[in-house]
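# Residue-level structural notes
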Amino acid sequence: MGRYLARRLLQFIPVVVGTMFLLHYMTMLSIQFGGDPIRALFGDNPPPAQVIEAMRARFGLDNGCLEQKGNPCVGIFWDRMLQYLQFDFGINFRGREITDLVGERWPVTLRLTLIAIIFETIVGVILGVMAGLRKDKFVDNFVRFSTTLLIAFPTFVFGVIIQVLVALALGDWIKAQDYFPTWFKAMFTPVFLSDYPWLSLVIPGLVLGAFSLAAIARLTRTSLIENLRSDYVRTARAKGLAQRRVIGVHTLRNSLIPVVTYIGIDVGTLLGGALVTERIFNIPGVGGLVFQSVTQKDSTVVIAVVTMLTLVFLTANLIVDVFYAVLDPRIRYE
Amino acid sequence: MRMTTPMRVAAAAASFALLVTACGGGGDEGDKDAGGGTGSADPDNPSGGTFSINLTEPSFLAPAQNCYESECNKVLSAINDPLVGIDAETGELQFEGTLAESVESNEDKTVWTLKLRDGLTFHNDEPVNADALMGAWNYSANPKNEMSTAGFMTHIEGAGEGETMTGLKKVDDLTVELTLKAPFQAFGQMMSYLPAWAPIAPACLEDIEACNEAPIGTGPYMMDGKWNHDQGITVTRWEGYQGDRGGQADSIEFTMFADSVAAFRGWQGGTLDVLDTLEPTIYAEATGAAGESQLETETSSLTYMGFPTKTAPFDSKEYRQSFSMAFDRQAVIDAVLNGQAKPSTDIPTPNIPGARDDACKYCEFNPEEAKKLFAEAGGKEGDTVELIFNAGSGHEGWVEAIGNELKNNLGINFTMKGMEWAQYLELLDAGGAKGPFRLGWSKDYPSPENFLRPIVGTGGDVNRSEYSNKELDDLVTEGDAAATPEEAQEIYAQASDLALEDLPLLPLWSGIKTIIWGENVENIVWDPVEEQVSLGQVIVK
Amino acid sequence: MSDPAMSLQEGPPAEQTEPAKDANRSLWGDAWYELKRNPIFWVASTMAIFVILLAVFPFLWTNADPSTCRLANSREKPSADHWFGYTFQGCDMWAKVVYGASKSLAVAALATTFTTIIGITMGTLAGFFPGWVDTIISRVTDIFFGLPFLLGAVVFLQLFQIRNVWTITTVLTLLGWTTLTRIMRGSVLSTKNKDYVDAARALGATNGHIVFKHILPNAIAPVFVLSTIALGGYIGAEATLTFLGVGFQQPNTTWGLLIQEGQPYALQGDPHLLVIPCAFVVVTVLAFILLGDALRDALDPRNR
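Just so you know, these numbers come straight off a predicted model, no measurement behind them. (Residues numbered from 1 in each chain as written. Chains lettered and ligands numbered in written order. Predicted model: local features only at pLDDT ≥ 70, side-chain atom pairs only at ≥ 80, totals over all residues. Heavy atoms only, no water.)

### Re the nonpolar core
The biggest cluster of nonpolar side chains holds 196 residues, and the ones touching the most others in it are Phe323(B), Trp398(B), Trp509(B) and Trp255(C). Here this core takes 14 residues from helix 14 (residues 299–327) of chain A, the largest share from any one element. If you look at the next biggest cluster of nonpolar residues, it comprises 42 residues, including Trp137(B), Ile156(B), Met165(B) and Ala196(B). (Core = buried A, V, L, I, M, F, W, Y, C linked by side-chain atoms within 4.5 Å. Buried < 20%, exposed > 50% of the residue type's maximum accessible area, 1.4 Å probe, protein only. Helix = DSSP H or I, 4+ residues; strand = E, 2+ residues; numbered from the N terminus.)

In structure tokens form, the structure reads like this:
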């Protein structure tokens, strides 16, 4: 296992470089095909041409390769890599250090993602187990139908409905009652409040985790159903073990492999991709930063932020892979 | 000021652009639809308290010279006094609540002299003097500093050629003399755009980055703490303020929202007191919820579509006219914009002195006449037209509505091309549009010239239709030299008539803005010169 | 413990009470037999066929033209002679839904098919062959995982310039193949070490035989689950791409556009603008998910 870990950690490097190059190429393409981002910062009427030229030079965008569609601009890539090796992650179009930008937004996104993951895992697995144990009965059908609803509604529909019905309408009623504690009332806010960094993220976290909750519930259910038919379960039952022990100790562990895989993937997706939820609830997170910088074609920000996200992804997936071996000792790594 | 709508840049202007700001103190009479105030805004007896208003994350706060959008201007106009003011009705310079005491020019408008009031200081007690002014203006003009408003400086001799401008001369501690490259009659008015001309505190020049996080100004409010990026900015009363624009509230919180629907939800939840941007989709809900606490006012924002006048079939005047008559503007406004716009009747918007309410005869909906003109111009059923616009700014709805109306009334087919901002600009810059393209404009100063020259003047900054009419240009120049504003407006009107007949643009509508507020505040008054809520007058209950 | 030798047989053991059938019935024959007896399968199939018919033969279901829109009818609610009312632009809602089905379903179906095929192939290869194959596939997967959805969507759609079923499908596929690959790989990893595989190997089965007859049917369940979920997700993804400004554009007719257009007005007193297209999406998603469930149940070798 130790050698496996060491090899995997070494492999981080080509992956990160590969990702950075792919991102770099894509942002170069988007500038080549989509227009000069510096010019676009100023709207209809730009400052004098000299100012624009100076800005272009500052951001390294005066390179001739940007005029040729399809040119991978290796020179710009090389310069950026050297910068990164010196821990200089660059500045965005407004002159702010990227490390500052990310430093402001990471904590918020981490909290939001954590809430979403805890919610989707706990509720998802519980629902999946309940449905799997009582296949084709009422509970199972209820879970299948409600998870379908969660899948069918895109986040931007679902999120707004929750925001208005739960955070606002229900929230107004709750705030008018006296017997709820303040912290409980603070959860029912339609937008993010910096005074309540955790509580005001609860409802957005639930919205964010809703789709994954459905997926996890279904994965658990299916996995459990399959494993419940296995021979070792039949043996355990034949031996007279309590249902709880059969499920909790034996079956669940084996059923969780696809769930764990999914959560590993989800961590990365949620961290960088929560932009719809962030927009609806006005959360200043990393998703919004990625959205802004992609639309502005601020390649420095895009590459820096997404590279950081990639590192998180890789770590999460490595943990998942290692976890496989914990969950199922038959899986071995040389 | 032009209205453009990429995500957050709400306004941009050319080197000739002027944005009018005037001290908010005496702005009551300019507002036609004054609403929401029963409390008395007694300047000597401020109400105190704190209120919050929405803001979108600004690009820069310092130096002020880098602010070329309405977001940063909202904050900067609270923490700074303007250098020079403008009277909303007449468009003439005035000096109430300004940093300058007087601005004069010589006969041929090439040398201008500005005199500051005595005894003014910045929030950090450094003096507001000629050095502070010249330091700021030289900084702006130096292309190495990449200031967004550098264009304002280009009139001055020596701008752009180095660290200092040869055309700036310090006469004494409070007086500066500016020599222009060429005579410019409206130079004084141009100086009313607060951010471009604001003085910079020496401490700020030494550490611009720190200053950006906590700008140092000259106005009734000062920064409280730092700029909390993407979350909020708080300003609080400056005890050392000597000027006339003192505010009612003790502090103001600018709460940031990236999305205006989220802003409305924040207002509903009690996080915001004043909301000045209402997305059309939640308009009905918002105005219903606000009840009496709302006011509606006209703005100077004009929405129109340019025609590519050198490309067939839009090179035919009758073809363009037929388009303009083929749809009912009011119906589109009612259905898609919730009535938050007024159909155009002239090129300058209705609140500009000299604008007329019946001048655009091709703006009236007349499908039979339209069909006739269309046929005359050689148009056939089944012709396809491409409607081009910048995507992601909420224009999809009305563009589609107009397309459907054109289809129903003229029988043509339409496609919609929503482009990303950068691509859109490139297309327009290159003159490559094949169909009508959406544009916007809003005033820099209250004169018809501010609409006519840029939009339909030869070589105008936003004249992307490639329209050129010497007669019109001459009329505008004649109007510039007129003796009185009324005379000027009459001459400008003749120029506008020429453009309205040739119709190189498709005038659509001018803006209406609705502002709502919550239970904690009152006396919300619209400042028509600055085109925003008069923050100093908001009373906290 | 079950007799390993038994797992190699295709047919049911002799003591089962099913009517006499060919002892070497194939996997699919068994599956069909199971499916026929599952009521959910029939319900779901009916719904799915209905939606597919909507998509393929829209003209059978309505005479109205979805692109004839009059502002005067904007947002009219459902009434006796117009069951589904009018959309925001004044177009006939029913016509829009019917004609919208084809593009939305096409995108979802194609994207699901491609990502599933790629996912199963790559995932099986990665899971079954450790060493270089696994390393390369997994690392390439990691690289693509890092791509933010929006960036990928924006760049590709700018490159292609046109927004039609094929370009949007390509984008969704390129951005979505990684999840199924990883899931499949995990599943194969855990199946590969099961006893019956060892037994099969001991009896001299080739790799191909092991993969197709033993690993795939047993490991494929999570992929099935996720695929059917993915189909529903892709319909929503199409709507989200539109919401973000990079999907289909007006005046096209797709469910995503209808949802995105109607969503802001649903809470303003015109719920039909949102509820009707969403209802169709829910029915479609439900149909395919239930079908997927039924199919997975039927294919489960342990059902015998």
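### A look at the packing of aromatic side chains
One pass over the structure, following the stated rule, counts 29 aromatic pairs over all chains. With a centroid separation of 6.4 Å and 70 degrees between ring planes, the pair formed by Phe307(B) and Phe323(B) is classed as edge-to-face. Taken together, the positions of Phe307(B) in the loop between strand 14 (294–306) and helix 10 (317–325) and Phe323(B) in helix 10 put the pair 16 residues apart, joining distant regions of the chain. We note that Phe307(B), like Phe323(B), is buried. Through a chain of ring-to-ring contacts, three or more aromatic side chains come together here, namely Tyr179(A), Phe180(A), Trp183(A), Phe184(A) and Phe188(A). Just above the ring of Trp198(A) sits the side chain of Arg111(A); from NZ or CZ to the centre is 5.9 Å. (Phe/Tyr/Trp six-rings, centres within 6.5 Å; stacked < 30°, edge-to-face > 60°. Lys NZ or Arg CZ within 6 Å of the ring centre and 35° of its normal.)

### Here's the deal with the state of the cysteines
Should the sulfur atoms of two cysteines be covalently bonded, the bond is a disulfide. Applying the stated criterion across every chain, the model contains five disulfides over all chains. Residue pairing for Cys204(B): its cysteine sulfur links by disulfide to Cys211(B), the two sulfurs lying 1.5 Å apart. Judged by the sign of its S-S torsion, about -85 degrees, the cystine formed by Cys204(B) and Cys211(B) is left-handed. You can call Cys204(B) buried: its relative accessible area is 4%. Two residues, Cys360(B) and Cys363(B), share a disulfide whose sulfurs are 1.8 Å apart. When the S-S torsion is 75 degrees, as for the bridge of Cys360(B) with Cys363(B), the disulfide is right-handed. The class of Cys360(B) is buried, set by a relative accessible area of 4%. In chain B, numbering the disulfide-bonded cysteines from first to last in sequence yields the connectivity 1-2, 3-4, 5-6. Here Cys278(C) is not disulfide-linked; the sulfur of Cys91(C) is the nearest cysteine sulfur, at 18 Å. (Disulfide = S-S within 2.5 Å.)

### With respect to the confidence of the model for chain A
Averaged over every residue, the pLDDT of chain A is 84; the share at 70 or more is 98%. When mean pLDDT is taken per element in chain A, helix 5 (residues 98–133) of chain A scores highest with 92 and helix 2 (residues 37–41) of chain A scores lowest with 79. (pLDDT = per-residue confidence, 0-100.)

### Some points on the interface of chain A and chain C
With 64 residues of chain A in contact, the opposing surface of chain C contributes 59 residues. Both faces combined, the contact of chain A with chain C buries some 5,700 Å², and carbon together with sulfur accounts for 71% of it. Run the count over chain A and chain C and you get two salt bridges. For Asp321(A), the salt bridge goes to Arg182(C), with nearest N and O atoms at 3.0 Å. Here chain A is connected to chain C by three residue pairs in polar contact (both at pLDDT 80 or more). With 14 residues, the single largest contributor to the side of chain A that touches chain C is helix 1 (residues 2–34) of chain A. When grouped by side-chain class, the residues that make up the side of chain A that touches chain C number 37 nonpolar, twelve polar and 15 charged. (Contact = heavy atoms within 4.5 Å. Buried area = accessible area lost by both parts, 1.4 Å probe. Salt bridge = Lys/Arg side-chain N within 4 Å of Asp/Glu carboxyl O. Polar contact = N/O pair within 3.5 Å; in protein donor to acceptor, adjacent residues only side chain to side chain. Nonpolar A, V, L, I, M, F, W, Y, C, P; charged D, E, K, R; others polar.)

### Side note on the sheet that holds strand 8 (residues 168–172) of chain B
Residue and element names in this part refer to chain B. With antiparallel pairing, the four strands of this open sheet are ordered in space as 6-7-9-8. The sheet terminates laterally at strand 6 (100–105) and strand 8, the two strands that pair on one side only. Taking the axes of each pair of neighbouring strands and ignoring which way they run, one obtains an average angle of 20 degrees across the sheet. Of the pairings in the sheet, the one linking strand 6 to strand 7 (residues 111–116) comprises five bridges and is antiparallel in character. (Pairing = 2+ DSSP bridges. Axes fitted to C-alpha atoms, helices over the stretch in contact; angles between N-to-C directions.)

### A few points about the pattern of salt bridges
Scanning the model with the defined rule gives 35 salt bridges over all chains in all. A salt bridge links Asp250(B) to Arg237(B), with the shortest nitrogen-to-oxygen separation between them at 2.9 Å. One end of the pair, Asp250(B), is in the loop between strand 11 (232–237) and strand 12 (251–256); the other, Arg237(B), is in strand 11, with 13 residues separating them in the sequence. Using a relative accessible area of 19% as the deciding quantity, one classes Arg237(B) as buried. We note a salt bridge from Asp270(C) to Arg75(C), for which the minimum N-O separation is 3.4 Å. On the criterion of sequence distance, the pair formed by Asp270(C) in the loop between helix 11 (255–266) and helix 12 (272–299) and Arg75(C) in the loop between helix 3 (39–56) and helix 4 (93–128) is long-range, its members being 195 residues apart. Overall, the relative accessible area of 8% leaves Asp270(C) in the buried class. One network of salt bridges, with partners in common, ties together Arg8(A), Asp321(A), Asp134(C), Arg182(C) and Arg185(C).

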